[in-house]
Amino acid sequence: MTFEITEKDARKMNNKLIQLWRFIVLNLKILKAVDHSKRS
Amino acid sequence: MANVVIIGAGFAGQTAALYLGSALGKDHNITVINKYDVFGYTPSWVWVGVGQMAPEKTVFKLKPVYDKFHIHFVQGTAKSIFVDDQYVLVDKADDGGEERVPYDYLVIATGAKLNFAGTPGLGPHDGYTTSICSLPHAVDARDKLFQLMERMERGEKVKIVVGTGHPGATCQGAAFEYITNIHKALLKRGLRDKAELMWLSNEPALGDFGVRGVHVRKNGRLLSSEDFIRAIFELYDIKWQVQTGVRKVEPGRIYWENYEGVEGETEFDFAMLIPQFLGPGFTYYDKDGKDVTDQLANKGGFVLVDAIYGLDWDTLAETPEAWPAVYQNRKYKNIFAAGIAFAPPGSISRPFVNPNGLSITAAPPRTGMISGIIGRIVALNIIDLVKRGRMTHAERMTEMFAACIASMGDSLWDGSAATIVIYPVVPDPRTYPNEEGRDLFVTDMEMGLAGAWMKRMIHTTFMHKLQGRIGWKLIPE
């Protein structure tokens, strides 16, 4: 099954609320990775 | 009083300098040697290359930052290193003559030497392609792109090729970002239908990026970076050709060889191809003046550190501890290498040699965040050595995270970016016993406006951090 970017996906990509959520999630993921790595 | 010398003021060197200056600057001698008197924020040169960002917004003067951190600055080019007498011979800028800079601890953080000569006809100086690997190159690429756009405005149809210009090149992420930004810039000017865009790369598969690609779980199924990038290229009507090593460039024509050993040509009106990266290529001398470079650097000029070298790729892929932890030369233990300057134990992506004997292998990326993290580890260990006599910090690329954010326009309202968060950069099948060898929660891949915000946030916070402004230590590398 090939992945394609549908019109629905494209709308989501510019929906400000959804993107604010994704922005928070991406930052949390980075913080988790920073925490996991041996930052001291 | 210890003398700590850092050669280079890129991500790795600047990060190391700030940590060292803040911990030791008042009581010890910290010196940075750099060819230029400015720091350049490399990731944003993609925007400079399409005219979306003014060049001056990507640089800042080093001296005022160093004054704040009690760091000495020598503007010049380091030529050779005397490992027993412990000094660096520097050609000072503006014909300032030679200077011996003594060290007790040395950090080599020069970044990459751009080996345009490795591919005849490549590069903006003696060749026919452009580059975004330095600020003057990015400005040159922008000017040439604008000239091309003028031709397109007159109705001419053109072909634009972006990718890698050497069979062993790395940094595919930057090239990917450049081609998507060109797409966006052409759209804005109403010229997209006048250009054929093509991706030409040495990756084993689309979306490999020299890190063996990425797989993430999306809506219950596994999505590969190959599928993800293919979907973006299809959406943007960008053609692609991977598994290809560029051998030579002539005006308007790229000559290449692929995995099958087939030789071919691709025509272009504008091309931005990333050259091979080499190490700093210093000559190292012992106390008798004997050249001991082979004990400190590999054939590419990269500094040998505490990695396990010489493993075959399959063994390396199963051996996380083969990747260096403290970036220290095994023989000369007061010499460290950070960022691109250290010699990796091998490639992350599977290497390939075609039937003609040509190795077409994406080299491991070690830029940006990775360089910054290594700069921090090296600095903290030198601080440890000066204060306590032993090192307490270590971080392998099998433990590091990286984010590759490939923007497609910089607007915070309608921009977009493909964000790829990878953790760890080098898969570690022991810690993460899944098919990927990676943390499947943290590792992510998506496209949208949030990525444009991330990209802008990272530009702003990194420029803030690397100038040593308030709270700089709180911002992760």
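If you're wondering where the values come from, they're calculated on a predicted model, not measured in any experiment.

Trainee: I keep staring at the overall build of chain B and nothing clicks. Help me out?
Mentor: When helices and strands are counted, chain B shows 10 helices and 24 strands. Counting only residues that meet the buried cut, chain B has 55% of its 477 residues in that class.

Trainee: Any chance you could explain helix α9 (residues 368-387) of chain B here in plain terms?
Mentor: Each α-helix winds once per 3.6 residues, and so residues spaced three or four apart point in a common direction. Residues and elements named next belong to chain B. Between the first and last C-alpha of α9 there are 29 Å, a value that for 20 residues agrees with the 28 Å anticipated at 1.5 Å per step. Counting buried residues along α9, 16 of its 20 residues qualify, which places the element largely inside the surrounding structure. One or two steps after α9, the chain reaches Gly 389, where phi turns positive at roughly 80°.

Trainee: I'm lost on the sheet that holds strand β16 (residues 253-258) of chain B in this one. Help?
Mentor: Hydrogen bonds between backbone groups are what pair the strands of a sheet, and the pairing can be parallel or antiparallel. All names here are of chain B. Spatial strand order, β15-β16-β17: three strands in an open sheet with antiparallel pairing. Only two strands of the sheet have a single partner each, and these edge strands are β15 (244-250) and β17 (263-267). The average undirected angle you get between the axes of adjacent strands in this sheet is 30°.

Trainee: Got a minute to help me understand the packing of helix α1 (residues 11-24) of chain B against α9(B) in this structure?
Mentor: A pair of packed helices is characterised by two quantities: the angle between their axes and the separation of those axes. Residue and element names in this part refer to chain B. In contact at an axis separation of 7 Å, α1 and α9 are set at 30° when each is read in the N-to-C sense. Between α1 and α9, the interaxial angle falls into the category roughly parallel. Crossing handedness for the pair α1 and α9: right-handed. The residues of α9 that touch α1, namely those facing Phe 11, Ala 12, Gly 13, Thr 15, Ala 16, Tyr 19, Leu 20, Ala 23 and Leu 24, are Gly 368, Ser 371, Gly 372, Ile 374, Gly 375, Arg 376, Val 378, Ala 379, Leu 380, Ile 382, Ile 383 and Val 386.

Trainee: Explain the nonpolar core here, please?
Mentor: Side chains that are nonpolar tend, in soluble globular proteins, to be buried together. B:Ala16, B:Leu20, B:Val88, B:Ile182, B:Val303, B:Ala338 and B:Val378 are the most contacted members of the largest nonpolar core, which has 159 residues in total. Counting residues per element, this core draws most heavily on α9(B), which supplies 10 residues.

Conventions used here
Residues numbered from 1 in each chain as written. Chains lettered and ligands numbered in written order. Predicted model: local features only at pLDDT ≥ 70, side-chain atom pairs only at ≥ 80, totals over all residues. Helix = DSSP H or I, 4+ residues; strand = E, 2+ residues; numbered from the N terminus. Buried ≥ 20, exposed ≤ 12 C-beta atoms within 10 Å, placed from the backbone. Expected span 1.5 Å × (residues − 1). Pairing = 2+ DSSP bridges. Axes fitted to C-alpha atoms, helices over the stretch in contact; angles between N-to-C directions. Parallel < 35°, antiparallel > 145°, perpendicular 65-115°, else oblique. Left-handed = near helix turned anticlockwise from the far one by under 90°. Contact = placed C-beta atoms within 7 Å. Core = buried A, V, L, I, M, F, W, Y, C linked by C-beta atoms within 7 Å.

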